[in-house]
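An overview of the molecular structure
Chain by chain, the residues run as shown.
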Amino acid sequence: MQQTPAGTGAAVLVSIDFGANDHSESLEELRQLAETAGVYTLAVVEAKRQCPDAALFAGSGKVQQIAEIVERMEAPLVIFNHDLSPAQMRNLTAKLNTPDSNVRVIDRTMLILDIFAQRAQSHEGKVQVELAQLRYLATRLVGHGAGMGQQKFAVGARGPGETRLELDRRKLDKRVHFLKDRLEKLKHQRTVQRRARSRADVLSVSIAGYTNAGKSTLFNRLTRADVYVADQLFATLDTTSRRMFTETAPASSPDKGRPGGVGEIVVSDTVGFIRHLPHSLIAAFRGTLEETAQADLLLHVVDANNANRDDQIAEVNKVLAEIGAADIPQVLVFNKIDLQDVPPGVQRDDYGRIARVFLSAKSGAGLDGLQLALAEAQTAHRTHAAIEHT
Ligand SMILES: Nc1nc2c(ncn2[C@@H]2O[C@H](COP(=O)(O)OP(=O)(O)OP(=O)(O)O)[C@@H](O)[C@H]2O)c(=O)[nH]1
Ligand SMILES: [Mg+2]
């Protein structure tokens, strides 16, 4: 497996505005994604178009302009903020290279896959990423040629990238088959573990949300764990679960009158979502996302301070629906209120259930509101389990 140290690359970013309302946010995200991948942004080229050019994605005048910038800045890499077809990638590579240059062209999906490849820690995570990369690159096997021989900057080609590309289709299929098989086994192990862990009276809670919303910070607060937290995208790739306990059943809970006690909860921290999350990645990460799909309750963490938080909420719900988690009850956790001067607190829905919590995972303000929400959910869950038992 080919590995290159992060921080060795520099790139020209290209983003075409087709009139989508999230264009500037998605470009800002591309910058962050590049930074997370260890790629320095040399220049950003923007353009407006009605629809992509079939051959070059951008207009030929724009591509000429990109070529000039690339040559002047000696950029080794060009990153498009879109998905490119194999033909577009090939044509662009030809246009942006001079006979003695070695410029690579990659798209947004390849950049995200690359970050995942850099970040994957667990065996399962690594297998999932390799599978996603192979599936994506398989379609790009043909026409891999001119000027792509020796790569100094392997962003977008990490993991199975270049070496695997040189394998023929048959070997590639075999590898995909092997990885899928491996993942099935790991998934089975995970199911067995989950079953062993799951008892009817234990509430399983999964922390989901947009990348960088503060999921891991909240997880650490709730469970006193020490999961990696960073101001970067996709800091977390592997699911981590911890047990925690809630205090006696609160008076406002549905089973008031029942004796209180200590409720047990298993909380999981999970991978974050982003707009245009590559499908191959969602497919490959199904095993990990299963944890979310099987939860009794989702804590949907939102960066309340982000101007695009409504878009982000919608995007997360879209991915949740895709993995079969649309019907799991959610508590929306508006995080980072310390940056906004919003008071901590909870909002209840028409049934009296806590639907929203405003807190700061960093300062701890409002955490009691979330603990109350969890205690109530735990009590309701336990009551339900008791009824089912009788
Ligand atoms: N000001 C402020 N910053 C916060 C708060 N919670 C988290 N952060 C910061 O937000 C950044 C992202 O936090 P993480 O906990 O890593 O976010 P995440 O959702 O786990 O991110 P990924 O795993 O990358 O998807 C870090 O720089 C945190 O310090 C908060 O309540 N207030
Ligand atoms: Mg995280």
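Each chain has its residues counted from 1, running along the sequence as written. Going through the entries in the order they are written, you letter the chains from A and number the ligands from 1. The model is predicted, so local features are restricted to residues of pLDDT at least 70 and side-chain atom pairs to those at 80 or more, both for listing and for counting; the totals for chains, interfaces and linings are taken over all residues.

With that out of the way, let us pick up the packing of helix H2 (residues 60-73) against helix H3 (residues 86-96). Closest axis-to-axis distance for the H2/H3 pair is 9 Å, and the angle between their directions is 50°. Between H2 and H3, the interaxial angle falls into the category oblique. When the axes of H2 and H3 are compared, the crossing they make is right-handed. Where H2 approaches H3, its residues Val63, Ile66, Ala67 and Val70 are matched on the opposing element by Leu92, Lys95 and Leu96. Here an angle of 0 to 180 degrees is reported between the N-to-C directions of two axes, which are lines fitted to C-alpha atoms, with helices fitted over the stretch in contact. Helix and strand assignments follow DSSP, with helices taken as H or I runs no shorter than four residues and strands as E runs no shorter than two, numbered in order from the N terminus. Between 65 and 115 degrees an angle is taken as roughly perpendicular, under 35 as roughly parallel, over 145 as roughly antiparallel, and anywhere else as oblique. When the near helix sits turned anticlockwise from the far one by under a right angle, the crossing is termed left-handed; a clockwise turn instead gives a right-handed crossing. We call two residues in contact if the C-beta atoms placed from their backbones are at most 7 Å apart.

Our next topic: H2. In this analysis, the expected span of each helix is defined as 1.5 Å times one less than the number of residues it contains. Between its first and last C-alpha, H2 extends 20 Å over 14 residues, near the 20 Å set by a 1.5 Å rise per residue. Three exposure classes are used, all based on how many other C-beta atoms lie within 10 Å of a residue's own C-beta (placed from the backbone): buried at 20 or more, exposed at 12 or fewer, and partly exposed between those limits. If you check which residues of H2 are buried, you get Val63, Ile66 and Val70. Taken down its axis, H2 places every buried residue within 55° of arc, on the same side. The outward face of H2, more than 90 degrees from its buried face, is lined by the exposed residues Gly61, Glu68 and Arg72. Note that the arc is defined by the directions from the helix axis to the C-beta atoms.

pLDDT: the predictor's confidence for each residue, scored from 0 to 100. Here the protein chain averages 84 in pLDDT, and 85% of its residues register 70 or above. Here residues 1-7 is modelled with pLDDT under 50, and outside its nearest four sequence neighbours on either side it reaches 14 contacts, counting other chains as well. A low-confidence stretch, residues 142-153 (pLDDT under 50), is modelled with 20 contacts involving residues beyond four sequence positions or located in other chains.

Okay, the pairing of strand E10 (residues 345-348) next. When DSSP finds two or more bridges between a pair of strands, those strands are recorded as paired. Sheet topology places E10 next to strand E11 (residues 354-358); 4 bridges connect them, and they run antiparallel. Looking at E11, one finds that Gln347 is bridged to Arg356. Remark: 5 residues form the turn of the hairpin made by E10 and E11, two consecutive strands paired antiparallel; Gly352 in that turn has positive phi of roughly 85°.

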